[in-house]
Amino acid sequence: MTEPQRTVLDEPPPFLGSWKRIYVLVVIYLACVIGVFYWFTKSFAP
Amino acid sequence: MRTLDWVVMFGWLAFLVSYGLWRGRGSSSTQEFMLAGKTMPWYAMGLSIMATQASAITFISTTAQAYVDGMRFVQFYFGLPLAMVILSATAVPIFHRAKVYTAYEYLEHRFDAKTRLLVTIIFLISRGLGAGLALSAPAIVLSVILGWPFQTTILIMGGLVVLYTTLGGIKAVTWADVQQMTVILLALIMAFAVAISMLPSDVSFGDAVRLAGAAGKLNAVTTTFDWNDRYNIWSGLIGGMFLALAYFGTDQSQVQRYLTGKSIGQSRLGLLLNAMAKVPMQFFILFIGAMVFVVFLFVRPPMVFQPVAMEQVQASPQYAAIESRYEQAFDQRQAAARRIMASEAGALQEFRAAQTNLDAARADALKLADVSDTNYIFLSFVTHYLPVGIVGLVIAVIFTAAMSAISGEINSLATVTVIDIYKRHIVKDSSDTHYLGASRVATLFWGIYAMVFASTAKGFGALIEAVNQVGSLFYGGMLGVFVLAFFVKRCTATGAFIGVLAGEAAIFTTAQFTSAFLWYNVVGCVVVVAVGWLVSVAYSGAKTALSEP
């Protein structure tokens, strides 16, 4: 049985230059989404 | 279902299976069969991750959940993007560099064979039960809607999955998932468009959103903390993050998706696609449920959504009285809805009172038939109101959503059976061809097992509920042992083993006090890490003391 072949290690992300920046972007995105949902809930509450 | 619907449904199923088999051709080694030769691009992995998580019941019951309880279920997913970021930074590079086929193989690298075996057994039990459920729950609903015998529905759904999963391996599973997610989104958009088009001409989209809000259906965020409330922003962010960490980081049915990546970067992008798309997608599915509720303010819905149960109710002597109450409440509710649109004083109280009367009439009808019809709400809307052809497409989507979840599960169960049990403990040194054959046999075994389990689980509604909770009883322990493996350098194999047992005991104890299952994973994980660390420190301290002269 063969060992899983080697994968490319530590390649940079396709944009923003570092994975850390992409992770921060995802967290900011989540905060914005929750913020929009919160506004949505408050705007249309009974 | 008319002729065109049947043609669309069977055409889509035939295309999907043929496409899966075509993409899975040439899986002639274990590396190809289990890891797709590590050739998968990020978008295929990302969509496959989403398709594996979204079973048929996700679509059927999520829309119904918004219809009945509002959109607060979306909070369940708030922790998922955070978990994807953490896993991209930790589990993805660790698993890739360890060159493993399964997550549990890594535990032997880090700890020992007994810890690997313990977690493997936990996975096989919890995921094995899950695979049976993923097949039985939608089969019950679809057999009623299509008028098919239950066993026939199981056989068609399970048989097609076993066919392309056994022959094509994970390549077939992943590429079929990509097609399924695409069509699932298309069908959801169509269902939404039809719901909006069914509103009366004097009710705008803005009015519909206002009415859904007035009815309390747009409660997407609850900021109040309540230990016993399953869905609020805190249980979603904290409990949901732990659940997503456990599910995507330690469950082989998900780990195997991103182990097929061309590179660490591609696997990370696959997980991050899930992070970005999952919450909006669930919001959209729930919003469809809220819009279906508004449509049914103006279009009279059936008193009972489950067609067989409705026939039973109609045959009852109490039917006429209940029907009359239901009609009256529906008319009152519609009048109150129009008064809400006109911003008249007291309209909301009137609406609430009419809704309470309508719910009471429905509850009395459901009591006569002794059923719950929640899972039939969305499908009742689809089969009665969507245009011909689109009905067939949506039913096919429900079919294939079940199939994508099951295919991922039996594929991972087979991989773990061969790698962590068969090759590790039974036949240790054989040829790659031998293990490829064993993988196909194991896939066939788990597929048949899921079909048999699903066939026998039908009569036990309460049992199904109980088994559904089983997943959350085990994930905390599994997450804890991987946290120890990744981050606690001092942790020994004995510490990890005892930690898992202590964590499981803590989860089962917590389950006695609260049904808010999102917290089980937090409790389990924290106890595993604390006990694992303490035992490791004590054990190595005792060892040092004994070895000193």
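These numbers come from a predicted model, not from an experiment. Here the residue index of a chain counts from 1 through its sequence in written order. Each chain is given a letter, starting from A, and each ligand a number, starting from 1, according to the order in which they appear as written. Residue-level local features of this predicted model are given only where pLDDT is at least 70; pairs of side-chain atoms are given and counted only at 80 or more, and the full residue set underlies all totals for whole chains, interfaces and linings. Calculation of side-chain values draws on the structure's entire complement of heavy atoms; hydrogens and water are dropped beforehand.

A.B. asks: What is the right way to read the overall build of chain B from this model?
C.D. replies: Only runs of H or I of at least four residues qualify as helices and only runs of E of at least two qualify as strands under DSSP, and these elements are numbered from the N terminus. Secondary structure summary: chain B contains 22 helices and 0 strands in total. A globule of 549 residues ought to have a C-alpha radius of gyration of about 24 Å, and chain B, at 25 Å, matches this closely. Structurally, chain B occupies a C-alpha span of about 90 × 50 × 45 Å along its principal axes. Each residue gets one of three labels from its accessible area relative to the maximum for its type: buried under 20%, exposed over 50%, partly exposed in between, using a 1.4 Å probe on protein chains only. Looking at chain B as a whole, 61% of its 549 residues qualify as buried. Sequence separation of 24 or more characterises 85% of the internal contacts of chain B that already satisfy a separation of 6 or more. Roughly 19,100 Å² of accessible area belongs to chain B as shown, and the carbon and sulfur atoms make up 65% of that amount. By the counting rule applied here, Lys and Arg register as positive and Asp and Glu as negative, while His and the ends of each chain are not counted. To locate a charge, take atom NZ for lysine, CZ for arginine, CG for aspartate or CD for glutamate. With 35 positive and 29 negative side-chain charges, chain B shows a spacing of 10 Å between the two charge centroids. Both definitions apply: the radius of gyration is a C-alpha atom measure, and the globule rule equals 2.2 Å times residues to the power 0.38. By definition, residues are in contact when any of their heavy atoms lie within 4.5 Å. Here the open area of atoms and residues is found with the Shrake-Rupley method and a 1.4 Å probe, where only the protein chains shown may cover a residue.

A.B. asks: Please clarify how the packing of helix α3 (residues 42-53) of chain B against helix α12 (residues 252-259) of chain B should be interpreted in this entry.
C.D. replies: A pair of packed helices is characterised by two quantities: the angle between their axes and the separation of those axes. Residue and element names in this part refer to chain B. Convention adopted: a line fitted to C-alpha atoms gives each axis, helices being fitted over their contacting stretch, and angles between N-to-C directions are expressed from 0 to 180 degrees. Where α3 contacts α12, the axes come no closer than 9 Å and their chain directions differ by 170°. Relative to α12, the element α3 lies roughly antiparallel. Contact residues: M45, S48, I49, T52 and Q53 in α3; S253, Q254, R257 and Y258 in α12. Per-class residue counts for the contact of α3 with α12 are 3 nonpolar, 5 polar and 1 charged. Relative orientations are named as follows: roughly parallel for angles under 35 degrees, roughly antiparallel for angles over 145 degrees, roughly perpendicular for angles from 65 to 115 degrees, and oblique for any other angle. Amino acids outside the nonpolar list (Ala, Val, Leu, Ile, Met, Phe, Trp, Tyr, Cys, Pro) and the charged list (Asp, Glu, Lys, Arg) are all regarded as polar, and Gly is one of them.

A.B. asks: Where do I start with the environment of R268(B) in this structure?
C.D. replies: Residue position: R268(B) is located in helix α13 (residues 264-298). For R268(B), a relative accessible area of 8% corresponds to the buried category. When the C-alpha atoms of R268(B) and V85(B) are compared, they prove to be 8.4 Å apart, with 183 residues separating the residues in sequence. With sequence-adjacent residues up to four places away left out, R268(B) is seen in contact with W19(A), Y23(A), S88(B), A89(B), V92(B) and P93(B).

A.B. asks: Where do I start with the interface of chain A and chain B in this structure?
C.D. replies: Where interface size is given, it is often the accessible area lost as the parts come together that is meant. Counting from both sides, the interface comprises 28 residues of chain A and, opposite them, 54 residues of chain B. With both sides pooled, the region where chain A packs onto chain B buries about 3,400 Å², and carbon together with sulfur makes up 74% of that total. Here, a salt bridge means any Lys or Arg side-chain nitrogen found within 4 Å of an Asp or Glu carboxyl oxygen. For the pair chain A and chain B, the number of links is 0 salt bridges. Counted as a polar contact is a pair of N or O atoms within 3.5 Å, where, for protein atoms, one must be capable of donating a hydrogen and the other of accepting one, and residues adjacent in sequence contribute only when both atoms are in side chains. Along the contact surface separating chain A from chain B lie 5 residue pairs in polar contact (both at pLDDT 80 or more). A breakdown of the residues in the side of chain A that touches chain B according to their chemical character gives 20 nonpolar, 4 polar and 4 charged. Summed over both partners, the accessible area (1.4 Å probe) lost when two parts come together is defined as the buried area.

A.B. asks: Just checking my understanding: could you explain the packing of aromatic side chains for this structure?
C.D. replies: Where two aromatic rings form a pair, the distance of their centres and the angle of their planes describe that pair. Only Phe, Tyr and Trp rings are paired, with Trp represented by its six-membered ring, and only when their centres lie within 6.5 Å; those with planes under 30 degrees apart are stacked, over 60 edge-to-face, the remainder tilted. Scanning the entire structure with this criterion turns up 47 aromatic pairs over all chains. Note on F192(B) and F287(B): the rings are 5.9 Å apart at their centroids and 40° apart in plane angle, and the pair reads as tilted. One end of the pair, F192(B), is in helix α9 (residues 150-197); the other, F287(B), is in helix α13, with 95 residues separating them in the sequence. A connected cluster of aromatic rings, assembled from ring pairs, spans F37(A), W39(A), F40(A), F44(A), F78(B), F192(B), F205(B), F283(B), F284(B) and F287(B). Each ring is checked for a lysine NZ or an arginine CZ that lies within 6 Å of its centre and within 35 degrees of its normal; such an atom marks a charge sitting over the ring. If you follow K217(B) out to its NZ or CZ, it ends over the ring of F293(B), 4.6 Å from the centre. One cation-aromatic arrangement involves K423(B) over Y435(B); the distance from NZ or CZ to the ring centre is 5.8 Å.

A.B. asks: When you look at unusual backbone geometry in this model, what are you seeing that I'm missing?
C.D. replies: Among all residues save glycine, negative phi is the norm, and among peptide bonds the norm is trans. All names here are of chain B. If you check the backbone angles, K38 has positive phi at about 50° while not being a glycine. If you trace the backbone, K38 turns up in the loop between α2 (30-35) and α3. A relative accessible area of 4% places K38 in the buried class.

A.B. asks: I'm lost on α12(B) in this one. Help?
C.D. replies: Three- or four-residue spacings in an α-helix give side chains the same orientation, since the helix completes a turn every 3.6 residues. With 8 of 8 residues buried, α12(B) lies mostly within the body of the structure. Along α12(B), the residues that are buried comprise Q252(B), S253(B), Q254(B), V255(B), Q256(B), R257(B), Y258(B) and L259(B).

A.B. asks: Honestly, the nonpolar core in this entry has me stumped. Any pointers?
C.D. replies: Residues and elements named next belong to chain B. Ranked by size, the top nonpolar core spans 201 residues in total, and within it F95, V294, F381, F399 and F482 carry the most contacts. Broken down by element, this core gets its largest block of residues, 21 residues, from α13. Beyond its immediate stretch of four places on either side in the chain, F381 contacts A191, V194, A195, M198, V292, V295, F296 and L386. Side-chain atoms within 4.5 Å are what join buried Ala, Val, Leu, Ile, Met, Phe, Trp, Tyr and Cys residues into a set we call a nonpolar core. Judged by nonpolar contacts, the second largest core, of 15 residues, contains V304, A309, A361 and A369.

Everything listed is a geometric property; what it means functionally is a separate question.
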